[in-house]
Amino acid sequence: MSLLVVGSIALDSLETPFGKKEDVLGGSATYFSTTASFFGPVQLVAVIGEDFPESHLQFLRGRGIDLEGLTREAGRTFRWKGKYGWELNEAQTLDTQLNVFESFSPNLPAAYRETPYVFLGNIHPELQSRVLDQVKAPKLVAADTMNFWIQGSRPALLKTLQRVNLLFINDAEARQLSGEHNVVKAARAILSMGPSRVVIKRGEHGALLFDQDHIFACPAFPLSEVFDPTGAGDTFAGGFMGTLASSGASGKVDQQLLRKAMVMGSVMASFTVEKFSLERLREVQRPEIHARFAEFKKLTHFDDLGPLGG
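Predicted model only: the values in this text are computed from it and were never measured.

**Concerning the overall build of the chain**
Item 1. Along the backbone of the chain there are eleven helices and 13 strands.
Item 2. With respect to the principal axes defined by its C-alpha atoms, the chain has extents near 75 × 45 × 40 Å.
Item 3. For the chain, the proportion of its 310 residues judged to be buried stands at 54%.
Item 4. Counting only contacts in the chain whose residues sit at least 6 apart along the sequence, the fraction spanning at least 24 positions is 64%.
Item 5. Counting only carbon and sulfur atoms, one obtains 49% of the accessible surface of the chain, whose full area is about 14300 Å².
Item 6. Placing the 32 positive and 35 negative side-chain charges of the chain at their respective mean positions leaves the two points 4 Å apart.

Shown next as structure tokens:
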């Protein structure tokens, strides 16, 4: 089934201990839609400037992504510049230029308003709510957020959370939003704000899925080389939501499917970090995805304990 994503498209300049890249393709909606396109049809709503390269649009179209909701405005494309240290856990933002993204106001094409699966990328919570005003009876709404909105737009964010089924958030943001230091207590507090499920991303330590009755812990895939963690969280969400949407109209969003989605999110994120920008996602093939999913299953499998002692 179709999956709608609303978020940012950017040109990123990156520096890690392994090299530098200037004006490479980035943005939350880009990573998410590229990843989700491996699983089914994706509709993208975002804004770009006059300077956005046609080659990037050709890449997105080549992935089968519907760009009817993408608008090009007068001005420059959203730009972000960041630097990572050896630990690669968190980027130091060196420069942010919102440009045309500053006045972004999502307007969904008519064909997008019936889409059953909706992902609200990391944009202002008022814009997220504006998107929900336009969609009709979606099967599942997921959202992402960040510390900037938690601190500066909390009332609007809390209103949006009441309309969201699932929230993606990292562990530091979960603590900030909930006021709880313990991540389990933080998840329980966030569930009381509206979402029926919350995924807490923990970088190289994996991710946790919470609902009222279950907790599922998914590790990150162990890699010998990590070049660029930019977009890993959005890639995770793309793999997760793509898995749910590909379950079809009769697909029940139960614990079995959610756990599969968690693992697939981690699988896809593991590819993203192996090269800069979307370079790895450009070249990865479905057999590689299936093979890594199988490796993941072996990595986390163990037998029943059986009797102790004696």
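**Quick notes on the environment of P155**
Item 1. Along the chain, P155 turns up in helix α5 (residues 154-161).
Item 2. When the C-alpha positions of P155 and P125 are compared, they lie 9.1 Å apart, and in sequence the two are 30 residues distant.

**Observations concerning helix α6 (residues 171-178)**
Because each turn of an α-helix spans 3.6 residues, side chains separated by three or four positions end up pointing in the same direction.
Item 1. For α6, the full list of buried residues reads E173, A174, L177 and S178. Burial along α6 is one-sided: seen end-on, the buried residues are contained in an arc of 120 degrees.
Item 2. Among the structural elements, α4 (147-152), α5, β10 (166-170), α7 (183-191) and β11 (197-201) are those in contact with the buried residues of α6.
Item 3. Of the residues flanking the start of α6, the one acting as N-cap is N170, its side-chain oxygen 3.1 Å from the backbone nitrogen of A172.
Item 4. At the exit of α6 stands G179, carrying a positive phi of roughly 80 degrees.

**Here's the deal with the pairing of β11**
Item 1. Across the five residues that make up β11, a large majority, five, are buried.
Item 2. The alternating pattern of β11 places R197, V199 and K201 on one face and V198 and I200 on the opposite face, and all of these are buried.
Item 3. By the bridge criterion, five bridges tie β10 to β11 in an arrangement that is parallel. The residue bridging I169 from the neighbouring strand is I200, located in β11.
Item 4. In this sheet, strand β12 (residues 207-210) lies alongside β11 in antiparallel orientation, the contact comprising four bridges. Considered in β12, the bridge of K201 is made with A207.

**As for the nonpolar core**
Item 1. Counting 55 residues, the largest nonpolar core has F168, F240, M241 and L244 as the members making the most contacts within it.
Item 2. Residue contributions to this core peak at ten residues, all from helix α9 (residues 255-272).
Item 3. Setting aside chain neighbours within four positions, we find F168 in contact with F119, A142, A143, D144, T145, V199, K201, F236, A237, F240 and M241.

Thresholds applied
- Residues numbered from 1 in each chain as written.
- Predicted model: local features only at pLDDT ≥ 70, side-chain atom pairs only at ≥ 80, totals over all residues.
- Heavy atoms only, no water.
- Helix = DSSP H or I, 4+ residues; strand = E, 2+ residues; numbered from the N terminus.
- Buried < 20%, exposed > 50% of the residue type's maximum accessible area, 1.4 Å probe, protein only.
- Contact = heavy atoms within 4.5 Å.
- Areas by Shrake-Rupley, 256 points an atom, 1.4 Å probe, with all protein chains shown as cover.
- Lys, Arg positive; Asp, Glu negative; His and termini not counted.
- Charge placed at Lys NZ, Arg CZ, Asp CG, Glu CD.
- Arc of directions from axis to C-beta.
- Polar contact = N/O pair within 3.5 Å; in protein donor to acceptor, adjacent residues only side chain to side chain.
- Pairing = 2+ DSSP bridges.
- Core = buried A, V, L, I, M, F, W, Y, C linked by side-chain atoms within 4.5 Å.

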